[in-house]
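What follows is the residue order along each chain.
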Amino acid sequence: MQTPAAFEYERATSVDGAIASLERLGSEARVIAGGHSLLPMMKLRLANPEHLVDINDLTELSYIREQEGEIRIGAMTRHVDLLRSDLLAQHFPLFRDAETVIADPVVRNRGTIGGSLCQADAAEDLSAVCAAAKASVVIRGSGGERVVSMDGFHVGPFTTAVGAAEILIEVRLPVRPDGGSAHEKVERRAGDWAIAAASAAVWMQDGTIGDAGIALSAVGLTTIHVTRAEELLRGKAPSDELFAEAGAIASEDCSPASDGRGPIDYKRHLAGVLTQRALRRATARALHQEA
Amino acid sequence: MTINVSMTVNGAQVSHDIEPRMLLVHFVRETLELTGTHWGCDTSNCGACVVRIDGQPVKSCTILAAMCDGHEVATVESLEVEGQLDPIQMGFHERHALQCGFCTPGMLMTTRALLDENPDPTDHEIRVAISGAICRCTGYKNIVSAVRWAAEHEAATANREG
């Protein structure tokens, strides 16, 4: 029987209240949102917080809206709402691609975007999605808020820029014209973690790729942001040859481990193929030519 | 440390002092002695422990009972009302959708929630809905067929009553 070790529990009634609790309780306190990453970790004693601060009542952190040229997503927004949001799908269709294959519908009723990102599991899809979409996150502490890019947010495996008495409260996605995006994942069976997954976004400019975002899941200790392939694409006209070249870079720049999901060379191959597919689909969407 | 939790379970108000680490599945099975909910993989993979919280199906092995304080929980025991089986239960009976029965409570709660939201699901939509519910002996074909049976009989009943 798997049960977490003993801890003390309290419920936050406001974001500032949650931050005050974290400050008071010290570094052994953790925020719990959907709990679908933290509770399994606690059952296995991979996480042993002495205090849990439950933020499920903070419905003010559950929203997807367009504001100041950005799509803004509250940290408590659950996977099911990310999947169903037409606003999000319209501007960043890679979210719907990913949410269709993240865990299963029942798990998606609980898990949140904030929890997924803060877990910072390299195999998790939304970290790559957000990196490719050039998202930034808003982190709040008692001293105020700061806005951090995804590169700054991902500090290392299972480690983020969120401090001990801070909370991630919002994800921001800048909306730029003529954009398209896609997420491609291969998994062993429905609901499983990725063997490999690739997120891609492109923003077209005068027939060429003005900017691109590419990130990979499950093929390294952290989410892999393939900046070299992004640089390759900038200023070039989209073509299958170009995407193949970008895929080759993705294969080179990831660092998968051999495990039950497959050997290293297979995962590298997948990373390249999925990058290519994601770029092709992202570009087709940007040009409104999706088959 | 124990804390008091109060919630509505199958329409009845319950209140107990529990350890914060108690998972909802154990609260339901051991504290409330509602053993219809099955405790399976413990890792939110198998779906045998699905109950509904405020109408939403969730895996009760991966939620603290404390997190349900103030909420409405419905377990598989809520389906039968005054000796009358829910159409989804009748569908499982009619189409032989259970063999060992271990996954059945989770399957019933998951598919009941599906039909409440989508009264006429396709086979594919049913398969997606139960993609987080693992059956190891009956096979999914009869389960999908049972959900279709329930959908068709609910539609027929609604037409008669309408």
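Residues numbered from 1 in each chain as written. Chains lettered and ligands numbered in written order. Predicted model: local features only at pLDDT ≥ 70, side-chain atom pairs only at ≥ 80, totals over all residues. Heavy atoms only, no water.

## So, the domain arrangement of chain A
Residue and element names in this part refer to chain A. By domain assignment, chain A separates into domain 1 (8–54), domain 2 (59–174) and domain 3 (179–286). Using only C-alpha atoms to locate each centre, domain 1 and domain 2 end up separated by 18 Å. Contacts between domain 1 and domain 2 engage 15 residues on the former and 17 residues on the latter. In total, about 1300 Å² of surface goes out of reach between domain 1 and domain 2, with carbon and sulfur atoms giving 69% of it. Of all residues in domain 1, Val15, Ile19 and His36 bury the most surface against domain 2, accounting for 38% of the area lost on that side. Connecting domain 1 to domain 2 are 1 salt bridge. Among the ionic pairs, Asp16 bridges to Arg140, the shortest N-O distance being 3.3 Å. Counting every contact that joins domain 1 to domain 2 gives 2 residue pairs in polar contact (both at pLDDT 80 or more). (Domains from an automatic or database assignment. Contact = heavy atoms within 4.5 Å. Buried area = accessible area lost by both parts, 1.4 Å probe. Salt bridge = Lys/Arg side-chain N within 4 Å of Asp/Glu carboxyl O. Polar contact = N/O pair within 3.5 Å; in protein donor to acceptor, adjacent residues only side chain to side chain.)

## Description of the pairing of strand β13 (residues 208–217) of chain A
Residues and elements named next belong to chain A. By the criterion of burial, β13 is predominantly enclosed, with 8 of the 10 residues buried. Counting the residues between successive antiparallel strands, the hairpin from strand β12 (residues 194–205) to β13 contains 2 residues, one of them, Asp206, with a positive phi of roughly 50°. Inspection of the sheet shows β13 paired to strand β14 (residues 224–225) by 2 bridges, in the antiparallel sense. Within β14, the residue paired with Leu216 across the bridge is Ile224. Count of turn residues in the β13/β14 antiparallel hairpin: 6 residues, of which Ala218 carries a positive phi of about 70°. (Buried < 20%, exposed > 50% of the residue type's maximum accessible area, 1.4 Å probe, protein only. Helix = DSSP H or I, 4+ residues; strand = E, 2+ residues; numbered from the N terminus. Pairing = 2+ DSSP bridges.)

## Digging into helix α3 (residues 104–117) of chain B
All names here are of chain B. Between its terminal C-alpha atoms α3 stretches 20 Å, which fits the 20 Å expected from 14 residues at 1.5 Å a residue. In terms of burial, α3 is largely enclosed, as 12 of its 14 residues are buried. Regarding α3, the residues found buried are Thr104, Pro105, Gly106, Met107, Leu108, Met109, Thr110, Thr111, Arg112, Ala113, Leu114 and Leu115. (Expected span 1.5 Å × (residues − 1).)

## Concerning the environment of Leu216(A)
Residues and elements named next belong to chain A. Locating Leu216 in the fold gives a position in strand β13. Considering only alpha carbons, one finds Leu216 and Glu184, 32 residues apart in sequence, at a separation of 9.6 Å. When residues no more than four places from it in sequence are discounted, the contact partners of Leu216 are Ala128, Ala197, Ala198, Thr223, Ile224, Val226, Ala250, Cys254, Ala271 and Thr275.

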